[in-house]
Structures are given as C-alpha cells and as structure tokens.
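One-letter residues, chain by chain:
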Amino acid sequence: GIKDGSETNYVYVPAVTTPTPTSILTPTPTPLLAQISNISYWKLDETTNNATVVDERGNSSGTPKNTTVTSSGKIGYARVFGGGTGQYVDMGDNPSQKPAGNKISISAWFKCNNANAYQGIVGKYKTGNTGYALQTNNQGKVHAILAIGNTQRKITPSNAVCDSAWHHAVMAYDGSAFKVYIDG
C-alpha cells in the first residue's frame, strides 16, 4: 500500500489559554516510488524504439518486440503497441512476477482505439492454469483474468475504454475478492 507521509504532527502543552505549539514535527518527504511496496514498475517512457524497458525497481527489465515510442504519452514518452500480433515487451520468466501468497494488484495507464479486437495491456501466463491478464476485449471494454491453480476468475466492467483517450485500470485480488477499477 501507499504510506501517507504528508501529515504534520503538533505537540501542545496544556495551558489555561489557547494552546500553542511547542514543537512541530515535520516528516521528511519520501519519493512516491519508495512509498509503494511494489515488485516492478515500468514507466514505458524510453525515448528510442529498441531501448531496454527499465523496471524502476530493478527486478525485471524487458526487451521490446516490434513496438515504437511516441512523445505523446500520458506523461512524456510512451510505448506504442500498434494492435498487431507479436508486439510486446518480453520481461522474461522472473519468479517475482508471480502472485505472492495468491495476492496481486496490477495498475496501468493505456490508450486504446480498436474496439474490435482483444489487445493485451499487462499479462503473464505459464503453461497450465497460472497467470493473469489485463486486456481490452473485442467490445472495447477492459477484460481481467486471474488464474491460480484450477480456479480462473474473469471480470469485464461495463465501461467502454477504446475511445482514443487515456484510461487507468487496476485489477486487484486479495486472496478472496477479485476487483477491477477503471478511471477511479
């Protein structure tokens, strides 16, 4: 989770009149990335097509396959997956990318303009029934899949997202409830 480091604490000395602060404790700001206990964080903001996709956490950088970059990302540069087959970033088979204790959350900013095809946003599958995917379906909606053991969970919220605008999606599983949040 995110730890809130923005609070200011005051210590007051009891008095007959209005209390006045005797000491102000101001927390040292911590960069957002350091506040989040995530396993990997890919900004996909490399400025050249074949540049390694850097994992800001240092766990699983990847190699782009048949993708390009654009300077018109949500914030700065973004990687472009043109909707064809074979366009992805290969992150390898890093064990850290597997759900820990059957819990996982995935968050991604994306822009989709083809509502007639399945398009991957984030996914990892191994042979068998273990993996996850956050994608858009052939109706222009986010489609989330989580498979652990013999149980497969799927959610498709009603929000249409293939409208050439930027959207934020989160899929989360806490060991019992599987949820997807779109733009909120």
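Just so it is clear, the model here is predicted, and its values are computed rather than measured.

Participant: I'd like a rundown of the overall build of the protein chain, residues and numbers included.
Facilitator: The number of helices and strands found in the protein chain is one helix and 13 strands. Put simply, the protein chain runs from its N terminus to its C terminus through helices and strands in the order β-β-α-β-β-β-β-β-β-β-β-β-β-β. Counting across all 184 residues of the protein chain, residues that qualify as buried make up 27%. Sequence-distant contacts, at least 24 apart, represent 40% of the contacts inside the protein chain between residues at least 6 apart.

Participant: Account for the state of the cysteines, with residues named and values stated.
Facilitator: Using the criterion set out here, one finds one disulfide in the structure. Disulfide pairing places C112 opposite C162 at an S-S distance of 2.1 Å. Every disulfide takes its handedness from the sign of the S-S torsion; for C112 and C162 that torsion is 80°, giving right-handed. Pair noted here: C112 is in the loop between β7 (104-111) and β8 (119-126) and C162 is in the loop between β11 (151-155) and β12 (166-173), with a separation of 50 residues, a long-range link. Take C112: its relative accessible area is 4%, and that puts it in the buried class.

Participant: Pulling in residues and values, what's your account of the pairing of β12?
Facilitator: Bridging between β7 and β12 involves eight bridges; their strand directions are antiparallel. If you follow S105 over to β12, its bridge partner there is A172. For β12 and strand β13 (residues 178-182), the ladder comprises five bridges, and the chain directions are antiparallel. Across the sheet, A169 pairs through a bridge with I182, a residue of β13. Hairpin connection, β12 to β13: the antiparallel pair is bridged by four residues, and G175 has positive phi, about 105°.

Participant: Explain the side chain of R79 residue by residue, including any values.
Facilitator: Mapped onto the fold, R79 is located in strand β5 (residues 78-80). Accessibility expressed as a relative area gives 8% for R79, which makes it buried. Separated by 2.8 Å, the side chains of R79 and T67 make a polar contact.

What counts, and at which threshold
Residues numbered from 1 in each chain as written. Predicted model: local features only at pLDDT ≥ 70, side-chain atom pairs only at ≥ 80, totals over all residues. Heavy atoms only, no water. Helix = DSSP H or I, 4+ residues; strand = E, 2+ residues; numbered from the N terminus. Buried < 20%, exposed > 50% of the residue type's maximum accessible area, 1.4 Å probe, protein only. Contact = heavy atoms within 4.5 Å. Disulfide = S-S within 2.5 Å. Pairing = 2+ DSSP bridges. Polar contact = N/O pair within 3.5 Å; in protein donor to acceptor, adjacent residues only side chain to side chain.

Honestly, that's just the spatial picture; any functional story needs more than this.
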